[in-house]
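The residues making up each chain are set out below.
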Amino acid sequence: MSREVSGMFSFLLGLTAGVALGVLFAPKAGEETREDIKETMDNIKYKVDDIYHRSVLKTSELVEKGKEKTNDFLEKRKKRSSEEVEE
């Protein structure tokens, strides 16, 4: 997951830099340029929010799996301990 987030961050950073340079050097009026920058920033914000929410969901899933495995381990350990006590 870390590699995926890092890759997405690098992609978004490159995308932002490319769009910013393209917009700044394009022969447009100032108002059009500002509107393009605003739209680009809104799109980037949406993508970052999406990545954040997917990361939170993935982390929650991993935490739940960890809890399940821990509970399974503890139950097996209790069972084994009670069997050892009975012997």
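Computed from a prediction, not measured in an experiment: that's the story for all the values here.

Calculation criteria
Residues numbered from 1 in each chain as written. Predicted model: local features only at pLDDT ≥ 70, side-chain atom pairs only at ≥ 80, totals over all residues. Heavy atoms only, no water. Helix = DSSP H or I, 4+ residues; strand = E, 2+ residues; numbered from the N terminus. Buried < 20%, exposed > 50% of the residue type's maximum accessible area, 1.4 Å probe, protein only. Areas by Shrake-Rupley, 256 points an atom, 1.4 Å probe, with all protein chains shown as cover. Lys, Arg positive; Asp, Glu negative; His and termini not counted. Charge placed at Lys NZ, Arg CZ, Asp CG, Glu CD. Patch = residues over 30% accessible without salt bridge, like charges linked within 9 Å, V, L, I, M, F, W, Y side chains within 5 Å. Salt bridge = Lys/Arg side-chain N within 4 Å of Asp/Glu carboxyl O.

A. Representation of the overall build of the protein within the structure. Of regular secondary structure, the protein possesses two helices and zero strands. By principal-axis analysis of the C-alpha atoms, the protein measures approximately 85 × 15 × 10 Å. Within the span of the protein, comprising 87 residues, buried residues form 8% of the whole. As displayed, the protein has an accessible area near 7,600 Å², and 60% of this comes from carbon and sulfur atoms. When the 16 positive and 18 negative side-chain charges of the protein are each reduced to one mean point, those points stand 4 Å apart.

B. Looking closely at a nonpolar patch on the surface. A cluster of nonpolar side chains, Leu21, Leu24, Phe25, Ile37 and Met41, forms an exposed patch at the surface whose accessible area comes to about 560 Å². Among the elements of the structure, helix 1 (2-25) and helix 2 (30-86) are those that each provide at least two residues to the nonpolar patch. In this fold, Ile37 is placed in helix 2.

C. Representation of the pattern of salt bridges. Per the stated rule, a full pass over the model turns up five salt bridges. Note that Glu64 is salt-bridged to Lys67, the shortest N-O span being 3.8 Å. Highlighted residues: Glu64 and Lys67, both in helix 2, separated by three residues, approximately one helical turn. Overall, Glu64 belongs to the partly exposed group, its relative accessible area being 42%. Taking relative accessible area as the criterion, Lys67 reaches 47% and is therefore assigned partly exposed.

D. Examining the environment of Val56 more closely. Among the secondary structure elements, Val56 is positioned in helix 2. On the basis of relative accessible area, Val56 is assigned to the partly exposed category, the value being 36%. A C-alpha to C-alpha distance of 42 Å links Val56 and Glu84, two positions 28 residues apart in sequence.

E. The arrangement of the environment of Lys47 in detail. Structurally, Lys47 can be placed in helix 2. Lys47 sits 26 residues away from Phe73 along the chain, and the two C-alpha atoms are 39 Å apart.

All quantities given are derived from atomic positions and should not be read as evidence of function.
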